[in-house]
Amino acid sequence: MRIDVLTIFPDYLAPLGLSLIGKAREQGLVELAVHDLRGWTTDRHRTVDDTPYGGGPGMVMRPEPWGQALDAVAAMGAPERPRLVLPTPAGRPFTQAVAHEYAALPWLVFGCGRYEGIDARVAEEARERYDVDEVSLGDYVLNGGEVAVLVVVEAVARLLPGVIGNAQSLDDESHAAGLLEAPAYTKPALWRGHRVPDVLLSGDHARIARWKRDEALRRTRSVRPDLVAALPPGDLDRRDREV
Ligand SMILES: Nc1ccccc1-c1cnco1
């Protein structure tokens, strides 16, 4: 997978060179390039923002540098047509399902907005050369898209074959099968008066699997009833409904 990131703060993306992603890059599973948007400005002050039409506080990112930058990046991998991912509070929710969707794509280009956002015509015009996707990580406000890109890249890259050592662990994680994962424990069996649930020390794999399923359901019902409601009807058996 090829990943390009456009930002006015390239150093913010430095963590993508560490551990998991760093290893994926060494293994040639991910090819990453971070581009400074100011490289496509033409004035002495390398201006990327301006006052908003219609008034209002703050500044908006100018369309010209974005247009030039997106032209240049699209040309780097032509004739492939990349997915342009624009993190924004006004986007569709980024979920594990979207992470899987992205992991199946050959080329992701991320555009990091700052200030009050990017001139709306940029996403509109980019549709000529990109499949454009505006995504939100949640209902809160960040100062820019860079941290959102770090989250999305990690969530996607770890799904690529060979990046995570034990692919099995991907199946048991929260959101993997639409439920939150069961509580996890390790040694010692007794810690400050708190014991590990006996079933986990029983060696009875069928009972352990059932306990994990029950706990996952119980936990999901408690903190994310919306996930239980969204499960396909066939996913919950009669016993599940009694948990
Ligand atoms: N608040 C933001 C500001 C700039 C770019 C993305 C966001 C964002 C993405 N998901 C939630 O917020």
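Our subject is the structure that appears above.
On a predicted model such as this, the values are computed, not experimentally measured, just so you know.

Engineer: Sorry if this is basic, but what is going on with the packing of helix α3 (residues 96–103) against helix α5 (residues 146–157) here?
Structural biologist: For any two helices packed against each other, the geometry is given by the interaxial angle and the distance between the axes. Contact geometry for α3 and α5: axes closest at 8 Å, N-to-C directions at 70 degrees. With respect to α5, the element α3 is oriented roughly perpendicular. Taken together, the residues of α5 that come into contact with α3 (itself represented by Ala 99, Tyr 102 and Ala 103) are Val 152, Ala 155 and Val 156. Tallied by class, the residues present in the contact of α3 with α5 amount to six nonpolar, no polar and no charged.

Engineer: Teacher, can you tell me more about the site of the ligand here?
Structural biologist: Close to the ligand lie Pro 87, Thr 88, Pro 89, Ser 136, Leu 137, Gly 138, Tyr 140, Val 141, Leu 142, Gly 144 and Gly 145, which account for all nearby residues. Within the contact set of the ligand, a nitrogen atom lies 2.9 Å away from a backbone nitrogen or oxygen of Leu 137. Tyr 140 places a main-chain nitrogen or oxygen 3.3 Å from an oxygen atom of the ligand. Compared with its free state, where it exposes 310 Å², the ligand has 94% of that area covered by protein. Take the shell around the ligand: its biggest share by element is three residues, from strand β5 (residues 83–93). Broken down by class, the residue content of the shell around the ligand amounts to six nonpolar, five polar and no charged.

Engineer: Quick question: what am I supposed to make of unusual backbone geometry here?
Structural biologist: In most cases, non-glycine residues show a negative phi, while peptide bonds are predominantly trans. Residue Pro 79 is reached from Ala 78 by a cis peptide bond, and omega for that bond is 5 degrees. Summarising the element assignment, Pro 79 is placed in the loop between α2 (63–76) and β5. The omega torsion across Lys 187 and Pro 188 is 0 degrees, close enough to zero to call that bond cis. Residue placement: Pro 188 occurs in the loop between α6 (168–172) and β8 (190–191). For Arg 192, which is not glycine, the phi dihedral falls at a positive 50 degrees. In this structure, Arg 192 sits in the loop between β8 and β9 (194–195).

The rules behind each value
- Residues numbered from 1 in each chain as written.
- Predicted model: local features only at pLDDT ≥ 70, side-chain atom pairs only at ≥ 80, totals over all residues.
- Heavy atoms only, no water.
- Axes fitted to C-alpha atoms, helices over the stretch in contact; angles between N-to-C directions.
- Helix = DSSP H or I, 4+ residues; strand = E, 2+ residues; numbered from the N terminus.
- Parallel < 35°, antiparallel > 145°, perpendicular 65-115°, else oblique.
- Contact = heavy atoms within 4.5 Å.
- Nonpolar A, V, L, I, M, F, W, Y, C, P; charged D, E, K, R; others polar.
- Near = heavy atom within 4 Å.
- Polar contact = N/O pair within 3.5 Å; in protein donor to acceptor, adjacent residues only side chain to side chain.
- Areas by Shrake-Rupley, 256 points an atom, 1.4 Å probe, with all protein chains shown as cover.

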